[in-house]
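Listed here are the chains, written in short residue letters.
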Amino acid sequence: MVKQSDRAPLLDWEEIPPPDPNQPALPPLPSQPREEGAPPEKSSQPVVRRAPAGIAAGTGWSSGCGTNTNTNTAAITYSPTRSVTAVVASGDGSPGRPRIGLSGHGWDRPQPLGTDHNVHFPGLSVRDQWEEKDQIVAVFVVTFDTRSGNMIEWCLPHDINLDGVEFKSMASGSHRITNDFIYFRKGGYFGLACFANMPVESELERGARMKSVGILSPSYTLLYRYMHFLENQVRHQLQCPGQYSPLEAFYEDKKAVLPPTGNGLVTSCPTWSVTSINRCMHPEMKITHPAGCMSQFIQFFGEQIMVLWKLALLRKRLLIFSPPPVGVVCYRVYCCCCLANVSLPGIGVSVPELRPFFYINIADITTLETEMSYVACTTEKIFEEKKELYDVYIDNQNVKTHRSHLQPLLRLNAADKEKYRKLSEQRQMLLYSQEVDGDCTSNEEDLFILFFMEMNNRIFQTLSEVAGSVDPTLTAEHVRAMGLDPQGDRSFLVDLLEVYGIDVTLVIDNLCCP
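This structure is a prediction, so every number in the text was calculated from the model and none was measured. (Residues numbered from 1 in each chain as written. Predicted model: local features only at pLDDT ≥ 70, side-chain atom pairs only at ≥ 80, totals over all residues. Heavy atoms only, no water.)

K.L.:
Would you mind going over the overall build of the protein chain with me for this structure?
P.N.:
The helix and strand tally for the protein chain stands at 13 helices and 19 strands. Each of the 514 residues in the protein chain was classed as buried or not, and the buried ones make up 55%. Per element, the accessible surface of the protein chain, about 22,600 Å² overall, is 51% carbon and sulfur. (Helix = DSSP H or I, 4+ residues; strand = E, 2+ residues; numbered from the N terminus. Buried < 20%, exposed > 50% of the residue type's maximum accessible area, 1.4 Å probe, protein only. Areas by Shrake-Rupley, 256 points an atom, 1.4 Å probe, with all protein chains shown as cover.)

K.L.:
Any chance you could explain the nonpolar core here in plain terms?
P.N.:
Looking at soluble globular proteins, one finds that nonpolar side chains tend to be buried together. Counting 113 residues, the largest nonpolar core has Tyr 183, Trp 309 and Phe 452 as its most contacted members. Here this core spans two domains, and each of domain 1 (138-254) and domain 2 (289-461) adds at least three residues to it. By size, the runner-up hydrophobic cluster in this structure holds 12 residues, among which are Leu 319, Phe 357, Ile 365 and Phe 383. (Core = buried A, V, L, I, M, F, W, Y, C linked by side-chain atoms within 4.5 Å. Domains from an automatic or database assignment.)

K.L.:
Would you mind showing me how to read helix 13 (residues 490-500) here?
P.N.:
The α-helix advances 3.6 residues per turn, and as a result positions three or four apart in sequence lie on the same side. Taken together, the buried positions of helix 13 are Phe 492, Leu 493, Asp 495, Leu 496, Leu 497 and Tyr 500. If you follow the buried residues of helix 13, they end up packed against helix 7 (305-313), helix 11 (444-467), strand 18 (473-474), helix 12 (476-481) and strand 19 (505-506). Note on helix 13: the residue one or two positions beyond its end, Gly 501, has a positive phi of about 65°. (Contact = heavy atoms within 4.5 Å.)

K.L.:
What is the right way to read the packing of helix 7 against helix 10 (residues 414-437) from this model?
P.N.:
Helix packing geometry: the angle between the two helix axes and the distance between the axes. Remark: helix 7 packs on helix 10, axes separated minimally by 9 Å, with the N-to-C direction vectors making an angle of 110°. With respect to helix 10, the axis of helix 7 lies roughly perpendicular. Side by side, helix 7 and helix 10 meet where Met 306, Trp 309 and Lys 310 of the first sit next to Asp 416, Lys 419 and Tyr 420 of the second. Here the residues of the contact of helix 7 with helix 10 are counted per class, giving 3 nonpolar, no polar and 3 charged. (Axes fitted to C-alpha atoms, helices over the stretch in contact; angles between N-to-C directions. Parallel < 35°, antiparallel > 145°, perpendicular 65-115°, else oblique. Nonpolar A, V, L, I, M, F, W, Y, C, P; charged D, E, K, R; others polar.)

K.L.:
Please explain the environment of Leu 223 as it appears in this structure.
P.N.:
For Leu 223, the position within the fold is in the loop between strand 12 (208-217) and helix 3 (227-239). Sequence-distant contacts of Leu 223, that is, excluding residues within four places in its chain, are made with Tyr 183, Phe 190, Gly 191, Leu 192, Ile 215 and Ser 217.

K.L.:
How do you make sense of the pairing of strand 16 (residues 392-395) when you look at a structure like this?
P.N.:
On a regular strand, one side chain projects to one face of the sheet and the next to the other, so that they alternate. Residues Val 392 and Ile 394 of strand 16 are buried on one face, and the alternating residues Tyr 393 and Asp 395, pointing to the opposite face, are buried as well. As paired strands, strand 13 (residues 317-321) and strand 16 are joined by 4 bridges and run parallel to one another. Across the sheet, the residue bridging to Leu 318 is Val 392, located in strand 16. When strand 16 meets strand 17 (residues 398-401), the two strands line up antiparallel, connected through 4 bridges. When the bridges of strand 17 are listed, Asp 395 appears paired with Asn 398. Linking strand 16 to strand 17, which pair antiparallel, is a turn of 2 residues; within it Asn 396 sits at a positive phi near 55°. (Pairing = 2+ DSSP bridges.)

K.L.:
Quick question: what am I supposed to make of the side chain of Asp 489 here?
P.N.:
The topology assignment puts Asp 489 in the loop between helix 12 and helix 13. Overall, Asp 489 belongs to the buried group, its relative accessible area being 0%. Every residue in contact with Asp 489, bar those within four places of it in the chain, is listed here: Lys 310, Asn 413, Ala 415, Asp 416 and Leu 484.

K.L.:
Please explain the packing of aromatic side chains as it appears in this structure.
P.N.:
Applying the stated criterion across every chain, the model contains 20 aromatic pairs. For the pair Tyr 390 and Tyr 393, a centre-to-centre distance of 5.4 Å together with 40° between the ring planes defines the contact as tilted. Pair check on accessibility: Tyr 390 and Tyr 393 agree, each one buried. Taking the centre distance of 5.3 Å and the plane angle of 75° together, the rings of Phe 451 and Phe 452 count as edge-to-face. Considered together, Phe 451 and Phe 452 belong to a single accessibility category, that of buried residues. Through a chain of ring-to-ring contacts, three or more aromatic side chains come together here, namely Phe 181, Tyr 183, Phe 190, Tyr 220, Tyr 331 and Phe 358. Lying over the aromatic face of Phe 492, Lys 310 brings its terminal NZ or CZ to 5.8 Å of the ring centre. Note that Arg 332 overlies the ring of Phe 300, its terminal NZ or CZ placed 3.7 Å from the centroid. (Phe/Tyr/Trp six-rings, centres within 6.5 Å; stacked < 30°, edge-to-face > 60°. Lys NZ or Arg CZ within 6 Å of the ring centre and 35° of its normal.)

K.L.:
Explain the pattern of salt bridges here, please?
P.N.:
Here the idea is simple: oppositely charged side chains can pair when their charged atoms come close. With the rule as written, the count across this model stands at 16 salt bridges. The salt bridge partner of Glu 153 is Lys 211, with a shortest N-O separation of 2.4 Å. One end of the pair, Glu 153, is in strand 9 (residues 149-156); the other, Lys 211, is in strand 12, and 58 residues separate them in sequence. The salt bridge partner of Lys 381 is Glu 384, with a shortest N-O separation of 3.4 Å. (Salt bridge = Lys/Arg side-chain N within 4 Å of Asp/Glu carboxyl O.)

Below, the structure is given as structure tokens:
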């Protein structure tokens with residue numbers, strides 16, 4: 001189903017799932033009273049909640065599996081430290097055929113987002129709610145000129161500062177590919193651009209016409225909505241250069257009304273809180289919903305994901321190199337950011353934010369010099385030589401660092417392999433449910449986020465309890481309870497305690513023998 005605005009009859013950019021008239025609206029999530037400052041309670045039994053049929057819960061997008069009229073539901077506890085368990089229930093309370101749904105961890109599955117922009121979510125700040133609306137601050141066309149190089153061909157509004165966008169939206173080396181998409185940052189804004197390269201019979205253009213069409217927004221939450229529109233528009237610009245009417249209509253319909261916050265910018269991501277995480281399941285992290293994004297990330301890095309997880313949790317500067325196309329590498333930036341989520345209140349407030357920069361080039365060097373923590377990707381090999389700009393350099397599956405104290409973190413230990421085994425086991429259970437039962441209520445993105453969030457919560461919950469005890473000594477038993485290796489993860493724990501300012505005594509003399 002396509003939604004078309006009355007104010008812009010030329011366009012059909014916003015795809016939304018078809019409504020199910022037989023599906024009742026989900027009731028508001030109940031709030032559980034608990035003491036102030038206490039961590040979320042973990043339910044002994046997973047809570048079962050049905051998502052709208054045919055909708056991938058938490059995304060607002062049709063999952064493409066069709067409507068399933070079977071009312072049997074089940075819950076699976078995604079856990080890095082336990083085996084897969086399922087609780088089965090049916091609509092009438094009788095036993096039913098097992099189906100997998102997301103639940104457990106002390107919070108319910110959220111309702112789909114993006115279906116009603118007028119809904120006010122309890123627990124979300126005004127800024128968080130504002131960022132879930134359409135807020136396009138600029139639309140632009142970039143072209144490659146054989147004499148001048150990359151240049152801004154057209155933009156709205158005409159007076160906006162787009163310096164450097166001509167290089168961010170057309171990655172170095174793009175002349176070797178036919179099409180691509182790129183996420184990037186421009187100051188306090190985030191951008192998405194679609195690139196295309198079309199052969200032409202023109203000596204002036206040297207046989208090829210290359211353009212990108214893109215947008216800027218204060219948040220990357222909803223940029224994915226316009227991917228299809230931008231892809232169509234860049235093809236249109238290649239075939240009919242200079243015809244900007246659809247882009248003008250799009251901007252008039254979607255342009256932002258920025259809040260009165262001084263400079264009018266919203267920097268980076270919304271501030272995470274336990275309330276917003278539980279209620280909306282990371283809307284700020286859902287930059288897109290590509291089929292198999294998480295699956296490709298897991299398959300690409302394999303067990304190395306556990307290395308990236310530790311580095312992300314330590315808020316290191318991670319730079320991913322890859323030749324074009326860069327779109328899939330932007331997804332890897334997104335996935336890396338998902339590794340460091342923590343939902344315990346008060347954790348991480350004093351550490352640098354893990355900032356997603358997405359695609360960067362040499363024009364970003366000055367900005368990166370002042371960044372304490374980030375994840376970014378690039379197609380420019382020269383960055384490998386600029387070691388002062390990053391802590392970890394990721395060249396395809398090769399994760400390396402020039403920081404001697406980080407070298408031990410690159411080695412996998414037995415606990416890392418066991419965690420990866422459990423993640424793979426849970427993925428296989430989910431895929432089996434989707435294939436055999438046609439389950440459309442679960443997706444790998446939520447499994448992935450919940451798996452690492454629970455792992456992070458378990459670590460910080462244990463550390464907080466030890467730090468608040470009469471004897472704040474972290475023993476080998478504590479380390480194992482956190483799912484870590486007492487010996488292999490010693491340097492990781494030392495760095496973690498320092499970065500997060502947790503005051504405990506780490507027993508290091510006899511870690512392997514409690």
